[in-house]
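Take a look at the letters that make up each chain.
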Amino acid sequence: MAVIDNPSEAFKTLRPVCVKLTQEQTLQNVEKLHSQLQQISDSVLQQLQEYVLFPLRFTLKSPGQKKDRLICAVVKCISHILSVTCVQKWDMLKDLFNELCVLLCSPSNPGNVAPTSEELKTAVVEGLSALLHAAYGDIRFCLYEPSMLANLGFAISLLLKLAEHEKSRAVKKVSLQCLLCLNLQCHCCREAVSLTEEETRKLGNTFASFLPGISLALCKIINGDIKQGNAVIVTAMKVFYRTTGLVMADTQHSDVNVKEDVTTERGRNGELVIKRTKDWLKDTASKLTILLRRVINCCSRHPHWKVRIELIELSNYLLINCHGSLAESVGILLEALVGLVSDESKQIKERCEEVLKRIAEDNQFCENREFLDILSENLHSLTSRLPRLMRTTDDMEKLSNLNLLLGYLRLLGPRIMNVLNSAAHLYCLSKALMQVLEMDVSDVKIVEERTSHVNGESEVTFETQAQKKYFKYFTSNVIFERIQQLCRILGYYGNLYLLVDHFMDLYRKSVVYRKQAAMVINELIAGAAKMNVGVLQEQHSLLPQEDLKALVTSVTEEYTCSANWHISTSSQSPGEERNERQNQQRMLCISETAQTSNALSSSSILSINSNIWQICIQLEGIGCFALAVGSQFKLVLISALYPVLEKVGDEIFLISQSALETMKTICKACGYPSVKDLINQNSDYLINDISLNLQRFTQHPDTPRVLAAMIRNSDVSLLPLLSDIIQDVLLTLDLSYDERAPIFCMVLHSVVGALATWFLTTSTSNDQSRGTGGDSTVSEKRDLAEELKGFFLEYQNLKEMAEGNFTDKNEDKDQESPQADSVCDLEEDSYNGKAVVPCHITIAKDVMERCIHLLSDKRLLVRLKALDILQLCVRVLCGFDNELLPMAHRVWPSLVQRLTNDDPLVVLRAFKVLCTLCEICKDFLKRRVSKEVLPKMTGSLMKQAAVSAKAGPIYTHTLAYKLQLSVLQGLGALACRLDLVDGDIDVILEACLPYLSCRQPPKLQEASISVFQHLIKTDPDAVWLSLTELFCPYSYTPQRSTFHDIKLSGMGKSRDEFSDNIVKLLSGIAN
């Protein structure tokens, strides 16, 4: 469609349409005019603006009832004209402004909005915005003259009512945007409006009259129903802070008495004029503070991110432009910013950090004493209220308060040091942290859960994680992370010596605060090393690395001192050794600490759990210190590694896990590839400490735990260093069988388990071939060599006699005989000479010898552990018959006693040891088993068969059932390994037959069948005969009549409880 650029041609085109519209005010004529206007260029339309607007304005002014659609079309047409032209005459601007405002108000009640359609309201408001944008040059400022205050107030009132009471989001939004246009703060103008200082002052004076109404209405909108949408709330916030910033700007009040408008408006308009005096500013600022608090409280928790990010812009705008006039509101504006600095939204977090960083670096704030005082007061007020807030509010509110506290600290930055120099501030902050971090130690699982080390595990193969802590006043892990970040900020910016000394004093003085103080100290040192610290300003005077290392060493020594490290972690009776150790602590420590330790030792489960957590937190602290100082922590390892290893071997799972995690952290910090390398490279220090402490065992009763932990987490390269220390352990055990047998059993189990892992061969059969099979091969070779030697000597002797050389031969023989004897001796030595026994075999043999004595200990747990150790020793000695068989002979009497006359648990474990011994020693134990063990074992099985056949389902949970099952599962393999025959087979068959009954528990039937299946391989005939005597499903007829018929006791019997299992076994024999 061609655009008309000629004014005359455009006039000819528009004149008929305008005349017709003037004559007939119809919707069709308005739409026709609107379509014709689309063809006119902007410059030509500017010349014809008044002519074209006349019929449209006439339509609006004409009397009579008009439909909303017609008025809406007229207003849209006017809006189109104004959007492409400029209003250059004040009269036209004023008239159009008044005419559009009249369309919005109710004819019957001018103070209220007309009950028209939403479309019409939207069109009128958009027309007002277009008019304000079209105002050209200085005429726009005529709107803000005192004479126009009533008109302007009327428009503002209507727009606020539309924004507040209308249900349509579109109407609300355009009304608020029109308010922005009215105060010339709208940035959607076709041309950017650049105001001079005088023009801004004039706008401010005008809108000062409307600020109370505007701010109150907007506050209601912002705090209104969330269903109105985030776009409405965001626009309302924009109008609020831009209007407030226009009226309360510091640049307009730096000298209030300068250039005040001397012209005073008389009459009613004069009463509307506000003079922004100091009293007025103070009174308005106090009222705005109330409204700002309501706005911030609502928007800081709004679910939509755009509302929260607009709150950042509100705070930033008012802090930049009005921090002087709104001095009372600076605190809550800062509170809004620092509360959003840890928001979950990345955009909000980045924008908030940007604003806070600018504020922190702005000299206008940093050097402002009032600003720093506000921050300090807010910090002190919040820390005073924090314990109460943490006890009474929900997790979301708690997180909000912690974010606020964290933001204040980040905003203060290096000035934290000055704030915390105040004893009141430091005391208030420390007490708040102590109460907030109070732990919940009521979980009984903490003390119940015990460490279970896998047999033969030489190094930790599972991933350990920091144990989750449970607190009294919050459950969310995010809250704990905020507290950690808060402490790290304090460590980064604050005086580390002052802070650590203060919290260490709390650590020493109060048992109640000890765990919390340790957590805070750990995070302070991490913050000083700038570990995961989010800061707004860099700290230019960081603590030197040497000073940090000295501080770490001091705190580590405090953590690992006997009073804080060897505290009660068990509900068991401490015993004489524990009392003795406590006596040592009383002599070494101050009176108060010693009394605290004694109280804890005899306290309830809660106190024990508290002690366990205290040790775990101290272990975490040591790991944190290692990361803080890096490779320099190697110098601290001399004193720190031994205590950590001691806790690795602790029986409390939580402590052991925390110690393992600490070891891994130390490896990461100091550059060790693994825990194994850490132990191996520092083994000389550890071995020396263990050796010295074993000599003072009564003062260091946990020394064996360190050795056990070393062995479990090292490899075979450590064995040369360990051999002597293990002998010291065995010697110490010899001197204290009664008192410390359990802990020594744990150590010996670790030692032999490690040896089994390091040296155990892959196949027992290979070991046997190298053992007994190897000896037979050697003897055969020796016999052959002797035979060949004798043959050749005899041949040489006969040959010399045939030659008649008797004397010479005898002399030669006499001369050669010493050489021959020496050769024989060498050969004899080569065959009979004993090889050097390896170190690990010697250790296993010595340990096995101690187990012989421990098998008769009166404590059940000691006997069970001794049997476990004995089983491992047998496996380690496999292949060394010269050492194993004598020890098997020595252990046999005690083992028989455990098998035949002991607690069922011990019998069960002893039977497993017997199976292992028979697997390796075989014929050596055949006669002994047949004579001493088998009769009692089978007799017990026969006795219990009747009980298990009548028992119900609950019987499978009893110890007697487990013993029956274990014996039946191992008896068949035992008979095969020992190659039992004849009477022994018959005894076993007789004992196992009752378990083929279908009345027996299913697993016992399966185990009994497995015994028969093993015996079938050894003596199938005896098994067949035994089964057919009980039940025989087949008949056997001789092929010739000369033979008698075969008659078995089981023939002809009807099916009974044994039939199914017997048929299954007989079919196996037949196949």
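Bear in mind that the values here come from a model prediction, so they are computed numbers and not experimental data. (Residues numbered from 1 in each chain as written. Predicted model: local features only at pLDDT ≥ 70, side-chain atom pairs only at ≥ 80, totals over all residues. Heavy atoms only, no water.)

Colleague: How should I be thinking about the overall build of the chain in this particular structure?
Modeller: Within the chain, the secondary structure is distributed over 51 helices and zero strands. Per-residue burial for the chain yields a buried fraction of 51% across its 1071 residues. Taking contacts inside the chain between residues at least 6 apart in sequence as the whole, the part at least 24 apart equals 78%. Within the structure as shown, the chain displays about 50700 Å² of accessible surface, and the carbon and sulfur contribution to it stands at 52%. (Helix = DSSP H or I, 4+ residues; strand = E, 2+ residues; numbered from the N terminus. Buried < 20%, exposed > 50% of the residue type's maximum accessible area, 1.4 Å probe, protein only. Contact = heavy atoms within 4.5 Å. Areas by Shrake-Rupley, 256 points an atom, 1.4 Å probe, with all protein chains shown as cover.)

Colleague: In this structure, what is going on with a nonpolar patch on the surface? I would like to understand it.
Modeller: A contiguous nonpolar patch, built from Phe11, Val19 and Tyr51 and spanning about 210 Å² of accessible area, is present on the exposed surface. For valine 19, the position within the fold is in helix H1 (residues 7-23). A relative accessible area of 31% means that valine 19 is categorised as partly exposed. (Patch = residues over 30% accessible without salt bridge, like charges linked within 9 Å, V, L, I, M, F, W, Y side chains within 5 Å. Salt bridge = Lys/Arg side-chain N within 4 Å of Asp/Glu carboxyl O.)

Colleague: Quick question: what am I supposed to make of the nonpolar core here?
Modeller: Considering soluble globular proteins, one finds that nonpolar side chains tend to be buried as a cluster. Counting 344 residues, the largest nonpolar core has Phe207, Met248, Leu314, Leu433, Leu490, Phe633 and Leu914 as its most contacted members. Leave out the neighbours within four places in its chain, and leucine 490 touches Leu409, Ile416, Leu420, Leu429, Leu433, Leu499 and Leu524. (Core = buried A, V, L, I, M, F, W, Y, C linked by side-chain atoms within 4.5 Å.)

Colleague: When you look at the pattern of salt bridges in this model, what are you seeing that I'm missing?
Modeller: Two side chains bearing opposite charge may form a pair once their charged atoms approach each other closely. Using the criterion set out here, one finds 30 salt bridges in the structure. The residue aspartate 715 makes a salt bridge to lysine 676 at a minimum N-O spacing of 3.7 Å. With aspartate 715 in the loop between helix H37 (703-712) and helix H38 (719-735) and lysine 676 in helix H35 (residues 675-681), the pair connects residues that are 39 residues apart, well separated along the chain. According to the relative accessible area criterion, lysine 676 is partly exposed, its value standing at 25%. Across the pair arginine 890 and glutamate 849 runs a salt bridge, and its minimum N-O distance is 3.3 Å. Taken together, the residues span a long stretch of sequence, with arginine 890 in helix H44 (residues 881-900) and glutamate 849 in helix H42 (residues 839-854) at a distance of 41 residues. The structure contains a network of salt bridges with shared partners spanning Arg57, Lys61, Asp95 and Glu99.

Colleague: Looking at this model, I keep getting lost on the packing of helix H27 (residues 514-528) against helix H32 (residues 605-629). Mind explaining?
Modeller: Each pair of packed helices can be summarised by the angle the axes make with each other and by the distance between the axes. The N-to-C vectors of H27 and H32 enclose an angle of 10°; their axes lie 9 Å apart at closest approach. In terms of orientation, H27 lies roughly parallel with respect to H32. Residues Arg514, Lys515, Ala518, Met519, Asn522, Ile525 and Ala526 of H27 lie in contact with H32, whose contacting residues are Ser610, Trp613, Gln614, Ile617, Glu620, Gly621, Cys624, Phe625 and Ala628. (Axes fitted to C-alpha atoms, helices over the stretch in contact; angles between N-to-C directions. Parallel < 35°, antiparallel > 145°, perpendicular 65-115°, else oblique.)

Colleague: Would you mind going over the confidence of the model for the chain with me for this structure?
Modeller: Interpretation of this model should avoid reading the predicted coordinates in detail wherever pLDDT is low. Scored by pLDDT, the chain comes out at a mean of 81, with 84% of its residues at no less than 70. Per-element averaging of pLDDT across the chain places helix H30 (residues 575-588) at the bottom with 41 and H27 at the top with 93. Within the model, pLDDT remains below 50 along residues 256-264, and this stretch shows six contacts once partners closer than five positions in the same chain are excluded. Confidence drops under pLDDT 50 across residues 454-464; counting only partners more than four residues distant or on other chains, this segment forms 25 contacts. (pLDDT = per-residue confidence, 0-100.)

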